[in-house]
Amino acid sequence: MNAICVRWSVAFGLALALSVLGIRFPAEAKAQGHAPAPPKLGRGINILGYDGIWEGGRNAPFRLDNLTAIRRAGFSHVRINFFGFKFMDPENALDEIVLRRLDAVIEEVLARNLIPILDEHDTHICQRDVSECAGKLKAFWTQIAARYAGKYPRLVFEVLNEPGGQMTSAAWNALLNECLGIIRATNPRRPVIAAVLNVDEMPVEDLVLPPDDRNIIVTFHYYAPIRFTHQGAPWSPTFSQIGPLDWGTPEDERKARADFDKIRSWSEREKRPIYLGEFGVYEAAPAEARTRYLSFVARSAERLGWAYWQFDHDFAAFDSARQSWKPEIMRALIPAGR
């Protein structure tokens, strides 16, 4: 997820994502022989995007002990939202102290038997300045790939959160494939997540991936209809004035299913699994409508994997002050007995 204040302007274009999340391709896996299959990520949650832990803070507000609560709640992975660019020097070298903190977070995640996804989350720079982004992103993955070569085999790399803005499909394909080449030079078997360009048109047909690399998961985010999911959001002059809006009519569900179906043919033809990396509803929405929406999306995305946005801060599933889950959100995400 981009910094909250800019994400809403591009999120609606991610409305086509979900129905294919259960697709599996045994024939393709067999054809690949020794090639590893992408992991089944299951249910997950986004963590640490806007937290003081990277600067050396503790319990600010995320606590590493919260990983135990995440595991006990029934989640199987976490998507670590890491803003690596701000920890680079003028030569784009990453701060070793911050990298050691990242090592510690990954190890704590693995110790809870959770899958860690390392998501490079500097969307605001990459949507604004493609040239600056390209240099920093390639430098980031050169260092990260070398650091984790042969380590933490369950760790998943996500190349970039929500590419878009000034970045065209052609520019993103070029940069994505350069980064994949950098990663594969030292991590040939590492699971990697790659995003479709995050624009309103959702140009999934334009996504170009190495045809012989089947250990790639394509990711989308889902916040449609954005007037509903972002109603009352105080950072937006538009959405802060909207609401209360309901969701859950047969027509609402029909539109969502149509979104799901639109990408199904591409996924089946390309034999590429899909991962729902973000979905959520801002807390100003009516509680019952929010619950209906979250339940519908989570069940639609259940078979392969999804990650709720997010653990704490806004859209939060967890109350950091009380150190407890918000029960209505958890009932929607992970129903009892499922």
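Position labels on residues start from 1 in each chain and follow its written sequence. Per-residue local features of the predicted model are confined to residues with pLDDT of at least 70, and side-chain atom pairs are confined, for both listing and counting, to 80 or more; whole-chain, interface and lining totals are unaffected and use all residues. Values reported for side chains reflect all heavy atoms of the structure, with hydrogen atoms and water molecules removed beforehand.

## Quick word on the overall build of the protein chain
For clarity, the cut-off: A run of H or I in DSSP becomes a helix once it reaches four residues, and a run of E becomes a strand once it reaches two; helices and strands are each numbered from the N terminus. Classification of residues uses two cut-offs on accessible area relative to the type maximum, computed with a 1.4 Å probe and protein chains only: under 20% is buried, over 50% is exposed, and between them is partly exposed. Here a residue-residue contact requires only that any non-hydrogen atoms of the pair lie within 4.5 Å.
The number of helices and strands found in the protein chain is 11 helices and 10 strands. Burial analysis of the protein chain (338 residues in total) assigns 57% to the buried set. Intrachain contacts of the protein chain at a sequence separation of at least 6 include 81% that bridge at least 24 residues.

## With respect to the pattern of salt bridges
Rules: Counted as salt bridges are all cases of a side-chain nitrogen of Lys or Arg within 4 Å of a carboxyl oxygen of Asp or Glu.
Applying the stated criterion across every chain yields a total of 20 salt bridges. Of the charged contacts, one joins D103 and R147 as a salt bridge, the two residues approaching to 2.8 Å between their closest N and O atoms. Residue D103 is located in helix α4 (residues 96-111), and its partner R147 is located in helix α6 (residues 130-148); the two are separated by 44 residues in the primary sequence. We classify D103 as buried; its relative accessible area is 11%. Residue R147 is classed as partly exposed on the basis of its relative accessible area, which comes to 22%. Linked through salt bridges whose partners overlap, the residues forming this network are R79, D119, E158 and E278.

## Brief notes about the packing of aromatic side chains
Defined as follows: Aromatic contacts are taken between Phe, Tyr and Trp rings whose centres are within 6.5 Å, Trp giving its six-membered ring; a plane angle under 30 degrees counts as stacked, one over 60 as edge-to-face, and the others as tilted. Distance and angle both matter: a charge sits over a ring if NZ of Lys or CZ of Arg is within 6 Å of the ring centre and within 35 degrees of the ring normal.
Taken as a whole and assessed by the stated rule, the structure comprises 24 aromatic pairs. Both rings, one in F279 and one in W306, keep their centres 5.4 Å apart while their planes meet at 85°; by these two values the pair is edge-to-face. Residue F279 is located in strand β7 (residues 274-279), and its partner W306 is located in strand β8 (residues 305-308); the two are separated by 27 residues in the primary sequence. W306 shares its class with F279; the two are buried. Joined through ring pairs, the aromatic side chains of F62, F75, F279, W306, Y308, F311, F318 and W325 make up one cluster. The positively charged end of R190 is found above the aromatic ring belonging to F157, 4.9 Å away from the centroid.

## Observations regarding the state of the cysteines
Note the threshold: Two cysteine sulfur atoms make up a disulfide if the distance between them is within 2.5 Å.
Throughout the structure, instances matching the rule amount to one disulfide. Looking at C179, it has no disulfide partner, and the nearest cysteine sulfur is the one in C133, 7.9 Å off. Look at C179 and you get buried, because its relative accessible area is 0%.

## A short note on the confidence of the model for the protein chain
Keep this limit in mind: Confidence per residue, as judged by the predictor, is encoded in pLDDT with a range of 0 to 100.
Here the protein chain averages 88 in pLDDT, and 89% of its residues register 70 or above. Predicted confidence for residues 3-33 stays below pLDDT 50, and this span has 92 contacts to residues more than four positions away or in other chains.

## Regarding the pairing of strand β2 (residues 77-82)
Here is the rule we go by: The pairing criterion for strands is at least two bridges between them, as found by DSSP. Whether a crossover is right-handed comes down to one check: with the strands pointing away from the viewer, does the path from the first strand over the helix to the second run clockwise; if it does, it is right-handed.
The element β2 is extensively covered by neighbouring structure, given that six of its six residues are classed as buried. Note that strand β1 (residues 42-47) and β2 share four bridges and pair parallel. Along β2, the bridge assignment pairs N46 with R79. As for the winding sense of the linkage, the β-α-β connection from β1 through helix α3 (residues 66-73) to β2 is right-handed. In this structure, β2 lies alongside strand β3 (residues 115-120), joined through six bridges in parallel fashion. Of the residues in β3, the one forming a bridge with I80 is L118. Taken together, β2, α4 and β3 constitute a β-α-β crossover, and its handedness is right-handed.

## Focus: the nonpolar core
Note the threshold: Residue types Ala, Val, Leu, Ile, Met, Phe, Trp, Tyr and Cys, when buried and joined through side-chain atoms within 4.5 Å, form a set referred to as a nonpolar core.
Within the largest apolar cluster, 96 residues are counted, with the highest numbers of intra-cluster contacts made by I70 and V159. The element that contributes the greatest number of residues to this core is α6, accounting for nine residues. Non-local contacts of I70, meaning those with residues more than four positions away in its chain, are made with I45, I47, F62, F75, V78, L114, F311 and W325.

## Quick word on the pairing of β1
With five of six residues buried, β1 is to be regarded as a mostly interior element. Of the strand pairs in this sheet, β1 and β8 are connected by four bridges, and their pairing is parallel. Within β8, the residue paired with G44 across the bridge is A307.

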